[in-house]
Amino acid sequence: MGIPTASNWWRLGFWNLVEHAVTRCADIAVSFALIRVLAPERFSKLALAQAAIAPLMLLFFSPSSILARDFAKWKKAPSEMARNLRAFRHYGWLQAVLGVLLAGVIAGIRSSDIPGFWERFWPLAWAFGMVLTPVVSTADRDFLRMELKLAAVNKINFFQKTGGLIAS
(Lines give C-alpha, C1' and ligand atoms only; values in the text may rest on other atoms or scores of the structure.)
Protein backbone atom coordinates (compact mmCIF):
# COMPACT_ATOMS: atom_id res chain seq x y z
CA MET A 1 0.00 0.00 0.00
CA GLY A 2 2.92 2.33 0.63
CA ILE A 3 2.72 5.78 2.14
CA PRO A 4 -0.86 6.96 2.60
CA THR A 5 -1.99 9.86 0.46
CA ALA A 6 -4.33 12.62 1.58
CA SER A 7 -7.30 10.76 0.06
CA ASN A 8 -6.41 7.64 2.08
CA TRP A 9 -6.21 9.46 5.41
CA TRP A 10 -10.00 9.57 5.78
CA ARG A 11 -10.31 5.85 5.08
CA LEU A 12 -7.46 4.96 7.43
CA GLY A 13 -8.84 7.28 10.10
CA PHE A 14 -12.25 5.66 9.78
CA TRP A 15 -10.85 2.13 10.24
CA ASN A 16 -8.78 3.30 13.19
CA LEU A 17 -11.90 4.81 14.76
CA VAL A 18 -13.81 1.56 14.15
CA GLU A 19 -11.03 -0.41 15.84
CA HIS A 20 -11.16 1.75 18.96
CA ALA A 21 -14.96 1.73 19.01
CA VAL A 22 -15.16 -2.07 18.72
CA THR A 23 -12.55 -2.51 21.44
CA ARG A 24 -14.20 -0.10 23.87
CA CYS A 25 -17.75 -1.31 23.16
CA ALA A 26 -16.69 -4.93 23.67
CA ASP A 27 -14.98 -4.03 26.95
CA ILE A 28 -18.14 -2.24 28.10
CA ALA A 29 -20.31 -5.19 27.04
CA VAL A 30 -18.12 -7.65 28.96
CA SER A 31 -18.24 -5.44 32.06
CA PHE A 32 -22.01 -5.00 31.93
CA ALA A 33 -22.52 -8.71 31.25
CA LEU A 34 -20.39 -9.64 34.25
CA ILE A 35 -22.18 -7.14 36.49
CA ARG A 36 -25.60 -8.45 35.41
CA VAL A 37 -24.79 -12.17 35.49
CA LEU A 38 -22.53 -12.54 38.50
CA ALA A 39 -23.45 -12.18 42.13
CA PRO A 40 -21.69 -9.22 43.76
CA GLU A 41 -19.42 -11.56 45.73
CA ARG A 42 -18.24 -13.30 42.56
CA PHE A 43 -17.82 -10.04 40.67
CA SER A 44 -15.75 -8.66 43.54
CA LYS A 45 -13.44 -11.71 43.34
CA LEU A 46 -12.82 -10.97 39.67
CA ALA A 47 -12.21 -7.29 40.38
CA LEU A 48 -9.79 -8.16 43.18
CA ALA A 49 -8.00 -10.65 40.92
CA GLN A 50 -7.54 -7.96 38.28
CA ALA A 51 -6.18 -5.58 40.90
CA ALA A 52 -3.83 -8.28 42.21
CA ILE A 53 -2.28 -9.00 38.82
CA ALA A 54 -2.05 -5.38 37.64
CA PRO A 55 1.46 -4.79 39.07
CA LEU A 56 2.64 -8.07 37.52
CA MET A 57 1.76 -6.79 34.06
CA LEU A 58 5.01 -4.82 34.18
CA LEU A 59 6.74 -8.19 33.64
CA PHE A 60 4.84 -8.82 30.40
CA PHE A 61 6.08 -6.47 27.69
CA SER A 62 4.62 -6.29 24.21
CA PRO A 63 6.86 -6.78 21.18
CA SER A 64 5.02 -3.97 19.35
CA SER A 65 7.83 -1.48 19.80
CA ILE A 66 10.34 -3.94 18.35
CA LEU A 67 8.13 -4.55 15.33
CA ALA A 68 7.58 -0.82 14.79
CA ARG A 69 11.30 -0.09 15.11
CA ASP A 70 12.55 -2.85 12.80
CA PHE A 71 9.63 -3.19 10.37
CA ALA A 72 11.35 -1.52 7.40
CA LYS A 73 14.48 -3.63 7.84
CA TRP A 74 12.51 -6.89 8.19
CA LYS A 75 10.31 -6.07 5.22
CA LYS A 76 13.38 -6.13 2.98
CA ALA A 77 13.91 -9.80 3.93
CA PRO A 78 10.52 -11.60 3.89
CA SER A 79 11.95 -14.80 5.40
CA GLU A 80 13.30 -12.77 8.33
CA MET A 81 9.90 -11.08 8.74
CA ALA A 82 8.12 -14.44 8.77
CA ARG A 83 10.60 -15.87 11.28
CA ASN A 84 10.27 -12.87 13.59
CA LEU A 85 6.46 -12.85 13.44
CA ARG A 86 6.46 -16.57 14.29
CA ALA A 87 8.76 -15.87 17.24
CA PHE A 88 6.39 -13.11 18.44
CA ARG A 89 3.43 -15.52 18.21
CA HIS A 90 5.32 -18.07 20.30
CA TYR A 91 6.20 -15.32 22.74
CA GLY A 92 2.50 -14.45 23.05
CA TRP A 93 1.62 -18.06 23.84
CA LEU A 94 4.50 -18.24 26.31
CA GLN A 95 3.12 -15.19 28.11
CA ALA A 96 -0.33 -16.82 28.31
CA VAL A 97 1.15 -19.99 29.80
CA LEU A 98 3.26 -17.93 32.20
CA GLY A 99 0.10 -16.10 33.29
CA VAL A 100 -1.62 -19.39 34.15
CA LEU A 101 1.46 -20.55 36.06
CA LEU A 102 1.62 -17.28 37.98
CA ALA A 103 -2.09 -17.61 38.78
CA GLY A 104 -1.29 -21.02 40.30
CA VAL A 105 1.63 -19.65 42.31
CA ILE A 106 -0.38 -16.70 43.61
CA ALA A 107 -3.36 -18.92 44.42
CA GLY A 108 -1.02 -21.27 46.28
CA ILE A 109 0.00 -18.50 48.63
CA ARG A 110 -2.47 -18.60 51.52
CA SER A 111 -2.35 -14.91 52.44
CA SER A 112 -5.82 -14.38 50.99
CA ASP A 113 -9.12 -14.36 52.82
CA ILE A 114 -10.54 -16.59 50.08
CA PRO A 115 -10.42 -20.23 51.22
CA GLY A 116 -9.44 -22.98 48.82
CA PHE A 117 -6.89 -23.08 46.01
CA TRP A 118 -9.38 -23.30 43.15
CA GLU A 119 -11.50 -20.42 44.47
CA ARG A 120 -8.38 -18.25 44.32
CA PHE A 121 -6.94 -19.74 41.11
CA TRP A 122 -9.87 -19.33 38.67
CA PRO A 123 -10.39 -15.58 39.18
CA LEU A 124 -6.64 -15.03 38.82
CA ALA A 125 -6.46 -17.20 35.69
CA TRP A 126 -9.43 -15.25 34.26
CA ALA A 127 -7.74 -11.92 35.04
CA PHE A 128 -4.48 -13.00 33.39
CA GLY A 129 -6.45 -14.38 30.45
CA MET A 130 -8.31 -11.13 29.89
CA VAL A 131 -5.02 -9.25 29.67
CA LEU A 132 -2.76 -11.79 27.97
CA THR A 133 -4.93 -13.53 25.37
CA PRO A 134 -4.88 -10.47 23.07
CA VAL A 135 -1.06 -10.66 23.14
CA VAL A 136 -1.20 -13.94 21.21
CA SER A 137 -2.33 -12.10 18.07
CA THR A 138 -0.48 -8.84 18.73
CA ALA A 139 2.25 -9.63 16.20
CA ASP A 140 -0.28 -10.23 13.44
CA ARG A 141 -2.36 -7.16 14.32
CA ASP A 142 0.70 -4.93 14.50
CA PHE A 143 2.08 -6.29 11.22
CA LEU A 144 -1.24 -5.57 9.50
CA ARG A 145 -1.36 -2.14 11.15
CA MET A 146 2.15 -1.34 9.84
CA GLU A 147 1.01 -2.46 6.38
CA LEU A 148 -1.98 -0.09 6.81
CA LYS A 149 -4.44 -2.98 6.39
CA LEU A 150 -6.74 -1.63 9.08
CA ALA A 151 -9.86 -3.42 7.82
CA ALA A 152 -8.10 -6.74 8.47
CA VAL A 153 -7.01 -5.49 11.91
CA ASN A 154 -10.65 -4.75 12.67
CA LYS A 155 -11.71 -8.25 11.66
CA ILE A 156 -9.16 -9.76 14.03
CA ASN A 157 -10.22 -7.43 16.86
CA PHE A 158 -13.90 -8.15 16.28
CA PHE A 159 -13.48 -11.92 16.44
CA GLN A 160 -11.11 -11.68 19.38
CA LYS A 161 -13.42 -9.42 21.38
CA THR A 162 -16.48 -11.48 20.46
CA GLY A 163 -14.68 -14.60 21.65
CA GLY A 164 -13.74 -12.83 24.88
CA LEU A 165 -17.33 -11.77 25.43
CA ILE A 166 -18.59 -15.30 24.88
CA ALA A 167 -15.86 -16.79 27.08
CA SER A 168 -16.68 -14.43 29.92
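Residues numbered from 1 in each chain as written. Predicted model: local features only at pLDDT ≥ 70, side-chain atom pairs only at ≥ 80, totals over all residues. Heavy atoms only, no water.

Could you clarify how one ought to interpret the packing of aromatic side chains in this entry?
Pairs of aromatic rings are described using the distance from one ring centre to the other and the angle between the two planes. The tally for this structure, following the rule as stated, stands at 10 aromatic pairs. On the basis of an interplanar angle of 70° and a centroid distance of 5.2 Å, the ring pair of phenylalanine 14 and tryptophan 15 is categorised as edge-to-face. On the basis of relative accessibility, which here comes to 46%, the residue phenylalanine 14 falls in the partly exposed class. Ring geometry for phenylalanine 117 against tryptophan 118: centres 4.9 Å apart, planes inclined by 80°, an arrangement best described as edge-to-face. (Phe/Tyr/Trp six-rings, centres within 6.5 Å; stacked < 30°, edge-to-face > 60°. Buried < 20%, exposed > 50% of the residue type's maximum accessible area, 1.4 Å probe, protein only.)

It is not clear to me how unusual backbone geometry should be interpreted in this structure. Could you clarify?
Backbone phi values are negative for most residues with the exception of glycine, while trans is the configuration of most peptide bonds. At leucine 148, a position not held by glycine, the phi torsion is positive, near 60°. As for its placement among the helices and strands, leucine 148 is situated in the loop between α6 (138-146) and α7 (150-167). (Helix = DSSP H or I, 4+ residues; strand = E, 2+ residues; numbered from the N terminus.)

Would you mind showing me how to read the environment of proline 63 here?
Of note, proline 63 is situated in the loop between α2 (40-53) and α3 (64-75). A C-alpha to C-alpha distance of 8.0 Å links proline 63 and threonine 138, two positions 75 residues apart in sequence.

I'm lost on the side chain of arginine 141 in this one. Help?
Following the sequence through the fold, arginine 141 ends up in helix α6. With no salt bridge to any partner, buried arginine 141 finds its closest opposite charge in glutamate 19, at an N-O distance of 5.3 Å. Those residues in contact with arginine 141, other than ones at most four positions away along the chain, are Pro134, Val153, Ile156, Asn157 and Gln160. (Lys, Arg positive; Asp, Glu negative; His and termini not counted. Salt bridge = Lys/Arg side-chain N within 4 Å of Asp/Glu carboxyl O. Contact = heavy atoms within 4.5 Å.)

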